[in-house]
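# Structure at a glance
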Amino acid sequence: MVKMRSHASLRIITASLAVCLFAINAFAQVDSDPNSPTPIILSAEGSANRAMAMSAAKSRRSGKAGAEDSFAPHSRVVLFIKNIDLLEDEGANAFRVYAQDSTGREYRFPVLGLRPATGEMMERGVYALTTLLRDEIGYAEPPAEGDVLIRVAWRGLTSDRLRIGYGTTGGNIKDDVQPYSTLMAGGGSKDQGDVPDANFVGYRWSGDRIRFLEQATFGPTSALDSRIRRIGLRTYLAEQFEAPFPSVSNPYPNFPLKSTDQNNTTTGCGMFTDGTLEQRICDRDHYSMYPVQKWHFTEAFYGEPQLRHRVTWALSQIWVISGFGGDTQQSRWMTEYHKILSANAFGNYRTLMGQMTRNPGMGNYLSMARSTKNNPNENYAREILQLFTTGLFMLNQDGTQQMSGGQPIATYDQNTVNSFTKVFTGFGFCETTGPNCPNRALGAPNYIDPLLLNQNNHDVTAKTLFNYPGAPNATIPAATNGNTEMEMALDNIFNHPNVGPFVSKLLIQHLVTSDPTPAYVARIAAVFNNNGLSVRGDLKAVIKAILLDPEARGDVKTDPNYGKLREPMQFVTNMARTFNVKAATAALPSDGVVAGLLSPLAQNPFNSPTVFNYYSPDFTIPGAGLLAPEFHIMTTSTSVARANVMNTLVFSRVNVSENAPNGTSLDFTEMTAIATADPTCNQLLDALNNKMMHGTMSAAMRTAILNAIIGPGPQPVIPANNPLLRAQQAVYLVATSSQFQIQR
Amino acid sequence: MKKSRREFLMKSGCALGMTALATQMEHFGLMSALAQKVQDDSSAPEGGDAYKAIVLIFWAGGNDGNNMVVPNHSSATISNYAAYNAVRGTQGLALAQASLLPISVPKMGGLSYGLHPSLGPGATGAINPGIHELWAQQKMAIVTNVGSLVRPMTKTQYQNGSIPKPYQLFSHSDQVTQNQTSVANTASFTGWGGRLSDRMNTVNNPSGLVPMVTSIAGAQLFTAGQITLPLAIADSNTSLANVLNPVGFTPVNAANTARRNAFNQLRTVDLGSNYVAAASHVTDLAMQANAQLQISQEVSPTFPNTSIGRQLKQVARLIKKRTDLNVNRQVFYCQMGGFDTHESQLTNHVNLFGQYSQAVRAFYDEMGVLGVQNDVTTFTMSDFGRTFAPASTGALVGTDHAWGNHMFVIGGSVLGGDFYGMNTSNGTPFPTLTVGASGPDDTDSSSGARGRWIPTTSVDQYAATIARWFGLPQDLPTVTSVFPNIGNFSSTNLGFLP
């Protein structure tokens, strides 16, 4: 029933797509069933609630697996699982073992090995999974001794939970009443009406279509959902990779550079009398991020190249520059930076590194544009390593940290930073006459053309860079030209083995799930390292692999640790697109002036507080130790602000104002019609379940919302003759729920 | 009643939102009853001893302490103004000696040091005399050459690697983390403010109606404990009544009431997902606090309308409500940004120190009005200090990332008017301002040395001294549970608080 593509065929598809793009419409790829099977832990013979398990030592002595009752903390235990269908090379690091103890805490036990079980069990597709009974998160005290409920998660799906004795048996843990593997599945309406058809070339998995659109765009729309149903994921991706950008109707904002002296009466905005409309507009358009925000939201709401913009938005949260505090003073500075991210979103990471290093906005933000041999500045050298390429600690190819004596190993030390600092000296704003600096404008620094080397300001001493096996340019001899050195140094960074897993994990976190399995990271890092055509750093291949990975795909993800909090950007744009965003009142499009909605949510677009972005990729949920970057900005304050933004969007609008010519509102016509047609509001809930939660709304959630519309009493809470309010009531409650705010 | 509260906190902290609806409703009812009682009854809160609060002002970006506390003497025995000017003068970073605000330092043999001129009455837009005069009043102490350390370390040990260094020195995010966690040898998920609360909240705030820890500057590692989630609220531009108030539930009618009920009920279901549970738990915390903050209290003295001014004003409002909120101990986190002065440090420092000094003085005075001046201590932390040798020149002159740094501690109980901290190699707590091979406190001996002082006092010691005053029990297991590496240092009490 379930067909999984092999890793090898994935590569072939990647490669063939790269060479057959012109033929793509004639040769639509058939998407296979995205759903992985749900792993099952075998229970001990004669027991319904205890896992079949044995100590690893005994297993090696070929003992028969039985129902050992308890295992010493820190000992190795073999569990037996079945109902999995592995990719080639998919092994232990694709699995996670979680255990809950009697205090209610959940722990993660490392998975040390996975192999087919021997003998008769092998024929039944059983695998032996070896785990170590030691919490690897290390957030909390060790588990309480006694029976713990253990489960295995794989590709975002969880098994049911069974007992094993941790230290001893007994204790007051309670068995699950409902099968654990179905807890997060929701009522489900997936596949409704999608009858299998031998000639079907599209993508009939409705839950996964919405999930895919949440990952690859700024939110699902009915139109895109229908389109993907017809053409499938791969063809859609191929189209997106080729889609012109930005949209023809929404070119990049193009306000000319102005003096850094905003009040200058000839080259700033001081030419207008203080407080006039002209001056306000001049300040807004030239000296704030307003035009870039407006452009971005217009693209996010309506643009065709959704995937490119989604990836660009992710990259802008890795290669951060910011208007915060006036650091990136002018919209045009940000535009030129943003164009580089957009242009390279499906390009090569090395090209992106080169162009970004020479981008004057970045050069300003991280001080490189003013770093000289006599006055070197470490800022850019440090951050390109720490944040943009290698990270601080040596990584395995699956993104886990390499350890030495129980401690992570630093990727570099101060000497390395010093050397890269020297490499990046002497590059200043492009201010020479002649062909190198075509956009030089008198009275304004040149924030358009790439930084230009002044060899006299370049430190020409010898440098010692990264030295890893096969490292190019581990040393740079003295008296080398600065431009040559920069390329040598960027090659030296780019080929560092950390870059693949580091960048891959960040992109997975931005697009799909906060705490991916090491196996998922490894599959993507492998594509980063080699796209199948011996090219390293091919972001198109990386993005495609991230989105088509079996850990990303499937109608429902039941692992409680799968998913991510919708960052404010996705929270607002997803709602906007789901409900046909338009102008405040007129029959016009929205003007895209909605950045003000995101500020109270701690994500004022293009105004990150620091180069460390709005949130840290390493942030973990207090009390759980689960990676959850977006939770860094989920506080008591912003959680309420999130509800209040939805109140504005659902019950009100962003009104027309001086800076918002059209305003913004959501369109509930369709939902109102459904509420009119069905006074029980069951169809309304069905529609919202499909559109917003891809079928995962639980019965309890549905009941709670229906109670706020219909209620238990003889009279409905909201009369049937007010279908708009019924729709709004329901949409507000779904939108503000934690269930919706977690994308999974 | 008190027991239920504890159980709720433990449960919600441990199992993240496994709270059943019944518990939740009981909890809300309990809260209202308790609030009613407290507001009717002006007796001291439960939990025993008198109120205390600590207020961290984090200087994000890494403050250059070298231009905050400057030698103002010409003694030949110890780094003097000329030594300072020799390194910082040429590129234009040295403050003019005449501009320094003098402080006399007993630990330095009564020699004069100088504070940055913006820390006094002459700050731009000053509305109060600033903090300088609190030195003479002995309400302000300076803890010198503080930084992240795994264990004490000499220059030789630094260079030969015989003692473990804090991981990723000179890196913003890691050094912020090490200051906020007081753990320099490994990654830590919890901050020392959060861990203080983990240990003290149930004992000291047994019936507290809000968390012990409050951040006015968003989510911060400092505020996170194993079972502690902080209250995070906006600054004083928003009244306490509105700061966590969900809008859109008025007028009170059947539809709005039903929606509010459903809004609350949805947070009690589908908690199987740890992410859903975490989001619901944060919102629960907000809703519980919101119920207690509906009656706002305004404070009296004028606070400057700066970010730090508004943050401290909001802290003052909460402290004024301490009896209503039934808390005996509070930890506050505030933050100022902009200290990463790679460039244009002179103008930036004028603004930053002016804002800090004006806001902290207003706050100090307000604590006097509230009668808790001796019960509230503000203190600073930062990512790290900055290179003594400047970066760039002229108007752009700035400094790069370094290590050891100076901190201010201010409050009525502070044993002020002196330097505190472990002695450097020169026998005083103030580092020798010499760069490179002949500089005993510089990390680097090479020709490219920049003057990065090796700290002599660890973050752990600095923080533990504050925690001790705050009331953290001083038995070793308890202290170690909050400051796991404190055993690596000889002194756990630097003496700047009683």
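Residues numbered from 1 in each chain as written. Chains lettered and ligands numbered in written order. Predicted model: local features only at pLDDT ≥ 70, side-chain atom pairs only at ≥ 80, totals over all residues.

With that out of the way, let us pick up the overall build of chain B. From N to C terminus, chain B includes 15 helices and twelve strands. Here the C-alpha atoms of chain B give a radius of gyration of 24 Å, agreeing with the 23 Å that 2.2 N^0.38 yields for 498 residues. Taking the principal axes of its C-alpha atoms as reference, chain B extends roughly 75 × 50 × 40 Å. For chain B, the proportion of its 498 residues judged to be buried stands at 60%. For chain B, long-range pairs separated by at least 24 residues make up 72% of all intrachain contacts whose partners lie at least 6 apart in sequence. (Helix = DSSP H or I, 4+ residues; strand = E, 2+ residues; numbered from the N terminus. Rg over C-alpha atoms; globule rule 2.2 N^0.38 Å. Buried ≥ 20, exposed ≤ 12 C-beta atoms within 10 Å, placed from the backbone. Contact = placed C-beta atoms within 7 Å.)

Let us look at the overall build of chain A. Within chain A one finds 25 helices and 19 strands. The globule rule puts the C-alpha radius of gyration for 744 residues at 27 Å, and the 28 Å found for chain A is close to it. Dimensions of chain A, computed from the C-alpha atoms along their principal axes, are close to 85 × 75 × 55 Å. Relative to its full complement of 744 residues, chain A shows a buried share of 57%.

This part takes up the sheet that holds strand β4 (residues 111–115) of chain B. Residue and element names in this part refer to chain B. With antiparallel pairing, the three strands of this open sheet are ordered in space as β2-β4-β3. The open sheet terminates on both sides in strands that have one partner only, identified here as β2 (69–71) and β3 (101–105). Ignoring which end each strand starts from, the neighbouring axes of this sheet average 40 degrees apart. Bridge analysis of β2 against β4 gives three bridges, and the strand direction is antiparallel. (Pairing = 2+ DSSP bridges. Axes fitted to C-alpha atoms, helices over the stretch in contact; angles between N-to-C directions.)

Take the nonpolar core next. Among soluble globular proteins, nonpolar side chains are generally buried collectively. One finds A:Ile705, A:Ala730, A:Val731, B:Leu56, B:Val143, B:Leu312 and B:Cys334 to be the most contacted residues of the largest nonpolar core, which totals 199 residues. The greatest single-element share of this core, amounting to ten residues, is contributed by helix α10 (residues 274–292) of chain B. The next biggest cluster of nonpolar side chains, apart from the first, holds 131 residues, and it includes A:Leu162, A:Ile228, A:Tyr236 and A:Tyr349. (Core = buried A, V, L, I, M, F, W, Y, C linked by C-beta atoms within 7 Å.)

Along the chain, A:Phe245 connects to A:Pro246 via a cis peptide bond; the corresponding omega equals -15 degrees. By secondary structure assignment, the location of A:Pro246 is in the loop between α5 (222–242) and α6 (277–286). The omega torsion of the bond from B:Thr250 to B:Pro251 falls at -5 degrees, within 30 degrees of zero and hence cis. Tracing the backbone through its elements, the reader meets B:Pro251 in the loop between α8 (240–243) and α9 (254–265).

Attention shifts here to the domain arrangement of chain B. The domain architecture assigned to chain B consists of domain 1 (1–43 + 247–292) and domain 2 (53–244 + 293–488). Taking only C-alpha atoms into account, the centre of domain 1 of chain B sits 36 Å from that of domain 2 of chain B. (Domains from an automatic or database assignment.)

A separate point is the interface of chain A and chain B. In this assembly, 70 residues from chain A lie in contact with 65 residues from chain B. Looking at the side of chain A that touches chain B, the elements that each hand over two or more residues are α12 (379–389), α13 (414–423), α20 (636–651), α23 (699–707), α24 (723–736) and α25 (738–741) of chain A. Top contributing element to the side of chain A that touches chain B by residue count: α20(A), with eight residues. Taken together, the residues that form the side of chain A that touches chain B break down as 33 nonpolar, 32 polar and five charged. (Nonpolar A, V, L, I, M, F, W, Y, C, P; charged D, E, K, R; others polar.)

With 25 residues, helix α13 (residues 345–369) of chain B ought to run about 36 Å at 1.5 Å a step, and its terminal C-alpha atoms sit 35 Å apart, in line with that. Once α13(B) finishes, B:Gly371 follows within two positions and takes phi at roughly 75 degrees, a positive value. (Expected span 1.5 Å × (residues − 1).)

Here the focus is the pairing of strand β4 (residues 76–82) of chain A. Residue and element names in this part refer to chain A. Counting buried positions over the seven residues of β4 gives six, a clear majority of the element. Bridging between strand β1 (residues 40–41) and β4 involves two bridges; their strand directions are antiparallel. Residue pairing across strands places Ile40 opposite Lys82, the latter belonging to β4. Both strand β2 (residues 53–55) and β4 contribute to a ladder of three bridges, which runs antiparallel.

This part covers the packing of α24(A) against α9(B). One way to put it is that α24(A) packs onto α9(B) with a least axis distance of 10 Å and a crossing angle of 25 degrees. Judged on the interaxial angle alone, α9(B) and α24(A) are roughly parallel. α9(B) is crossed by α24(A), and the crossing has right-handed handedness. Touching A:Leu725, A:Gln729, A:Tyr732, A:Leu733 and A:Thr736 of α24(A) are B:Ala255, B:Arg259, B:Ala262 and B:Phe263, all from α9(B). Residues belonging to the contact of α24(A) with α9(B) are distributed by class as follows: six nonpolar, two polar and one charged. (Parallel < 35°, antiparallel > 145°, perpendicular 65-115°, else oblique. Left-handed = near helix turned anticlockwise from the far one by under 90°.)

Turning our eyes to something else, we now look at the packing of helix α8 (residues 306–316) of chain A against helix α9 (residues 331–344) of chain A. In a packed pair of helices, the relevant descriptors are the angle between the two axes and the axis-to-axis distance. Residue and element names in this part refer to chain A. Close contact between α8 and α9 brings their axes to 9 Å; oriented N to C, the two are set at 125 degrees. Accordingly, the angle class assigned to the pair α8 and α9 is oblique. As for the relative orientation of α8 and α9, their crossing is right-handed in sense. Along the contact surface, α8 presents Arg308, Thr312, Leu315 and Ser316, while α9 presents His338, Leu341 and Ser342. Split by residue class, the contact of α8 with α9 holds two nonpolar, four polar and one charged.

Regular strands have side chains that alternate between both faces of the sheet. Residue and element names in this part refer to chain B. Among the five residues of β4, four are classified as buried, and the element is accordingly described as predominantly covered. Looking at chain direction, β3 and β4 are connected through five bridges and run antiparallel. Of the residues in β4, the one forming a bridge with Leu101 is Leu115. Between β3 and β4, which pair antiparallel one after the other, the connecting turn spans five residues, and Gly109 there sits at a positive phi close to 70 degrees.

Here chain A averages 92 in pLDDT, while 93% of its residues score no lower than 70. Within the model, pLDDT remains below 50 along residues 1–28 of chain A, and this stretch shows 36 contacts once partners closer than five positions in the same chain are excluded. (pLDDT = per-residue confidence, 0-100.)

When pLDDT is averaged along chain B, the result is 89; 90% of the residues meet or exceed 70. Note on residues 1–48 of chain B: pLDDT under 50 across the span, and 72 contacts to partners over four residues away in sequence or across chains.

Here we come to the environment of B:Gln297. Residue and element names in this part refer to chain B. Tracing the chain through its elements places Gln297 in the loop between α10 and α11 (307–320). Assessed through the 15 C-beta atoms surrounding it within 10 Å, Gln297 is described here as partly exposed. With 58 residues separating them along the chain, Gln297 and Ser239 place their C-alpha atoms 8.8 Å apart. Once you skip the residues sitting within four places of it in the chain, Gln297 turns out to touch Arg317, Lys320 and Lys321.

Residues and elements named next belong to chain B. Along the chain, Lys320 turns up in helix α11. Overall, Lys320 belongs to the buried group, with 21 C-beta atoms counted inside 10 Å. For the pair Lys320 and Glu298, spaced 22 residues apart in the sequence, the C-alpha separation amounts to 8.3 Å. Discounting chain neighbours no more than four positions away, the residues touching Lys320 are Gln297, Val299 and Leu370.

What follows concerns the environment of B:Phe58. All names here are of chain B. Position of Phe58 relative to the elements: it lies in strand β1 (residues 52–59). The exposure class assigned to Phe58 is buried, which follows from the 23 C-beta atoms found within 10 Å. Sequence separation between Phe58 and Phe379 is 321 residues; the distance between their C-alpha atoms is 8.4 Å. Here Phe58 is in contact with Tyr333, Gln335, Met381 and Ser382, once residues within four sequence places are set aside.

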